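# Structural overview
Chain by chain, the residues run as shown.
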Amino acid sequence: MNDTDIVAPMLDAVQGRLGISIPAENWPVMARTALRILGEVYRENARRERGEYRDPPERDPALLAPLTAGGHTGVARPMPDGTAELPVAAPTQAAASPLLSEELEQAKQRRLRAGCDPKTLRDMDVAVRLFTEIVGDLRIGEIQWTDVAAFRDQAMALPYLHGKGIFRLSANQAIELADAIDEGNQALVAEILGPKRAEAAMRRRPVERISKKTINKHLSNLKFIIKAWCDKHVAQKRTPFDGEFIPKKEAAADARVFRVALSDEDIKALFGSPRFLGHDDDPLRAIPGSTLIKDSRFWVPLIGIHQGMRLEEILQLKPSDVETIDGVVIFTIGKSPDFRVKSEFSRR
């Protein structure tokens, strides 16, 4: 839900009643928070209409906390186990802690020692870049759960194609552009992209936004980056990212990609094709012939269907990774230290 016009009158009424003025830089976060609250109100009303009643949740301290520069409120948040979240660290330790961008390099070295794949390192870079663009490059000891919540809520408005094409912009600029397209504000789109590109951009309406599963991936990478420092300096070994993940069921329901298993007919068509039975000199190996080249394009699909291994694992296999144990031929995954695996548990 990104139509902040719905809640603008509500926020105006709040400002008038309390005699306050919401700073322009805080307006997007306030508007999206109000949208979430409004959505929950509608869902609760729908449940009651179905005869489903439940105890009201405790009031969220975030709604009671005053806005301060940088989003730091010092509010202790109730955790799932019923205890209160302690401050991330003592003030002196927090002030001396490294910046998130500085800790990133240390975290990447830990990932490399664990044998992670290059994509994981790129994902860590993206997560830190987004966090610093939306919230700021904070010292990791000073990051509070309010900063994490602000990042999560604002990041959910990012266009799905952020970083590509017309959305090759900073996070906040990409959100502004996507909102302008969805609102039909061609003048603002033209101001951002120029008149020539604006007309084509307007045809992208509505703009698909980033999935909740991707948001959780960013939160997971950010948590990993600061966890080593928090384990050393925080009494309860907690990070401000604990409790801020989108529930798995909610994230799964928002999935953009649905994997469907191949049918028996699909499998027969694939492995009954010329690529596996014999082909001519056609580069695509789609025309029947007497040639059968047994290279990676031949073996990778066969290994995949019989072993259920990750594609990245299959493509790294070497002859030395094939062994015979008790008369059974097996593959060893991650036996050599240069074999990239998703995690240490993937070595087998």
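Look a little higher up for the structure.
Residues numbered from 1 in each chain as written. Predicted model: local features only at pLDDT ≥ 70, side-chain atom pairs only at ≥ 80, totals over all residues. Heavy atoms only, no water.

The pairing of strand β1 (residues 322-325) with strand β2 (residues 328-331) spans four bridges and is antiparallel. By the bridge assignment for β2, Val 322 is matched with Phe 331. Here β1 hands over to β2 after two residues, with Asp 326 in that stretch at a positive phi of 55°. (Pairing = 2+ DSSP bridges. Helix = DSSP H or I, 4+ residues; strand = E, 2+ residues; numbered from the N terminus.)

Let us now look at the nonpolar core. Grouped together as the largest cluster of nonpolar side chains are 33 residues, with contacts concentrated most on Leu 100, Phe 131, Phe 151, Leu 222 and Ile 225. Mapped by element, the contributors of at least two residues to this core are α4 (100-113), α5 (118-134), α6 (145-155), α7 (171-182) and α10 (212-233). In this structure, Phe 151 is in contact with Leu 130, Phe 131, Ile 134, Val 135, His 218, Leu 219 and Leu 222, ignoring residues within four places of it in sequence. The next biggest cluster of nonpolar side chains, apart from the first, holds 13 residues, and it includes Ile 166, Leu 177, Ala 178 and Ala 201. (Core = buried A, V, L, I, M, F, W, Y, C linked by side-chain atoms within 4.5 Å. Buried < 20%, exposed > 50% of the residue type's maximum accessible area, 1.4 Å probe, protein only. Contact = heavy atoms within 4.5 Å.)

Taken as a whole, helix α9 (residues 195-202) has its buried residues at Ala 198, Ala 201 and Met 202. Projected onto a plane normal to the axis of α9, the buried residues spread over an arc of 90° and lie on a single side. Turned more than 90 degrees away from the buried face of α9, the exposed residues are Lys 196 and Glu 199. Contact partners of the buried residues in α9: α7 and α8 (186-193). (Arc of directions from axis to C-beta.)

The geometry of an aromatic ring pair is captured by two quantities: the separation of the ring centres and the angle between the planes. Tallied over the full model, the rule gives five aromatic pairs. Ring centres of Phe 131 and Phe 241 lie 6.2 Å apart, and the angle between their planes is 50°; this geometry places the pair in the tilted category. Residue Phe 131 is located in helix α5, and its partner Phe 241 is located in the loop between α10 and α11 (248-253); the two are separated by 110 residues in the primary sequence. Comparing Phe 131 with Phe 241, the two get one shared label, buried. Look at Phe 298 and Trp 299: their rings are 5.0 Å apart centre to centre, the planes differ by 90°, and that puts the pair in the edge-to-face class. What makes Phe 298 buried here is its relative accessible area of 7%. Under the relative-accessibility criterion, Trp 299 is labelled partly exposed at 42%. One aromatic cluster in this structure is built from Phe 271, Phe 276, Phe 298 and Trp 299. Over the aromatic face of Phe 224 sits the side chain of Arg 110, whose NZ or CZ is 5.3 Å from the ring centroid. (Phe/Tyr/Trp six-rings, centres within 6.5 Å; stacked < 30°, edge-to-face > 60°. Lys NZ or Arg CZ within 6 Å of the ring centre and 35° of its normal.)

Time to look at the environment of Val 7. Within the secondary structure layout, Val 7 lies in the segment before α1 (8-18). Placed 31 residues apart in sequence, Val 7 and Leu 38 show a C-alpha to C-alpha distance of 8.3 Å. Non-local contacts of Val 7, meaning those with residues more than four positions away in its chain, are made with Ala 31, Ala 34, Leu 35 and Leu 38.

Per the stated rule, a full pass over the model turns up 14 salt bridges. Across the pair Lys 217 and Asp 123 runs a salt bridge whose closest N-O atoms are separated by 3.8 Å. Of this pair, Lys 217 sits in helix α10 while Asp 123 is found in helix α5, placing the two residues 94 residues apart along the sequence. With a relative accessible area of 33%, Lys 217 lands in the partly exposed category. Of the charged contacts in the structure, one is a salt bridge between Arg 152 and Glu 244, with a shortest N-O distance of 2.6 Å. Here Arg 152 is found in helix α6, whereas its partner Glu 244 is found in the loop between α10 and α11, with 92 residues between them in sequence. Its relative accessible area of 1% is what places Glu 244 among the buried residues. (Salt bridge = Lys/Arg side-chain N within 4 Å of Asp/Glu carboxyl O.)

Residue Pro 206 is bonded to the preceding Arg 205 through a cis peptide linkage, with omega at -5°. Relative to the helices and strands, Pro 206 is located in the loop between α9 and α10. With a phi close to 55°, Arg 285 is a non-glycine residue in the positive phi region. Even without being glycine, Asp 326 reaches a positive phi, approximately 55°.

Counting buried positions over the eleven residues of α6 gives ten, a clear majority of the element. Every buried residue belonging to α6 is among Trp 145, Thr 146, Asp 147, Val 148, Ala 149, Phe 151, Arg 152, Asp 153, Gln 154 and Ala 155, and all of these are buried.

Another aspect to go through is the environment of Asn 26. Position of Asn 26 relative to the elements: it lies in the loop between α1 and α2 (27-49). For the pair Asn 26 and Ala 150, spaced 124 residues apart in sequence, the C-alpha separation works out to 9.8 Å.

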